[in-house]
Amino acid sequence: ERSAVMSDALFAQWKDDWQKMESIARRRGWEVTPLKIAPPATEVKIAALELKHGETIPPHLREVLTRHSASVAFSWRVPQHHRPMELVEHLYPSSSGIRGFVWDLDLIDGYAIENFKGWKRDLETRDLSEAENRPEMWQNQFAFGYLINGDMLTIDVSLPNEPQPVRYFSHEVEGLHGHAIAPDFFSFV
């Protein structure tokens, strides 16, 4: 497996990037959830979450939660009157973040895991669109992000000794549904 230990330099680079993006968003008059980095989570809190949900937090996510921060609040949104013309709008993102966060242990515990389990129960065998949807796709996924559009992000823990990709799951089972959008959590951030 690729190292589950993240350098302090990488976290410092992320923080610098978030601060730069926050500055750009403010300068442009966009809506901003200010950057707020919480202290790391305790091993007791991590163990309680794992016991409650019967799931183990993947190594990369565990690393950032316990060594760097339990929650990083930050996002931006371009107001409608600042967005590009309709014809090119799909080429440019108009918002960021996972409901105002880069990651958040309380959101994972209080919503993401159980919501994904409900989706799995209701959607894993449904044929709703042209997107591939098989029960196997839903197995071994650790839900960590609930997006503003209602979709979710997971870490695929199928292969514990290999890189664990971040996957996108659509509540409408379409588009990028089930696709890996990053090779691992560190790359995703």
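Residues numbered from 1 in each chain as written. Predicted model: local features only at pLDDT ≥ 70, side-chain atom pairs only at ≥ 80, totals over all residues. Heavy atoms only, no water.

> How would you explain the environment of S75 if you had to name every residue and give the values?
By the element assignment, S75 lies in strand β2 (residues 71–77). Remark: the alpha-carbon pair of S75 and E31, spanning 44 residues in sequence, is separated by 8.4 Å. (Helix = DSSP H or I, 4+ residues; strand = E, 2+ residues; numbered from the N terminus.)

> Hey, could you go over the pairing of β2 for me, with residue numbers and the actual values?
Most of β2 sits out of view: six of its seven residues are buried. Pairing of strand β1 (residues 31–37) with β2, which is carried by five bridges, proceeds in the antiparallel orientation. Considered in β2, the bridge of E31 is made with R77. Looking at chain direction, β2 and strand β3 (residues 101–104) are connected through three bridges and run antiparallel. Across the sheet, the residue bridging to A73 is F101, located in β3. (Buried < 20%, exposed > 50% of the residue type's maximum accessible area, 1.4 Å probe, protein only. Pairing = 2+ DSSP bridges.)

> Just give me the short version of the nonpolar core, but keep the residues and values in it.
Within soluble globular proteins, side chains that are nonpolar tend to cluster in buried spots. By size, the foremost hydrophobic cluster in this structure holds 36 residues, and its most contacted members are W18, L61, W103 and F144. When near neighbours in sequence (up to four residues on either side) are disregarded, L61 contacts I108, F142, F144, I155 and F185. In terms of nonpolar packing, the next biggest core, distinct from the first, is built from 11 residues, L123, A143, M152 and V173 among them. (Core = buried A, V, L, I, M, F, W, Y, C linked by side-chain atoms within 4.5 Å. Contact = heavy atoms within 4.5 Å.)

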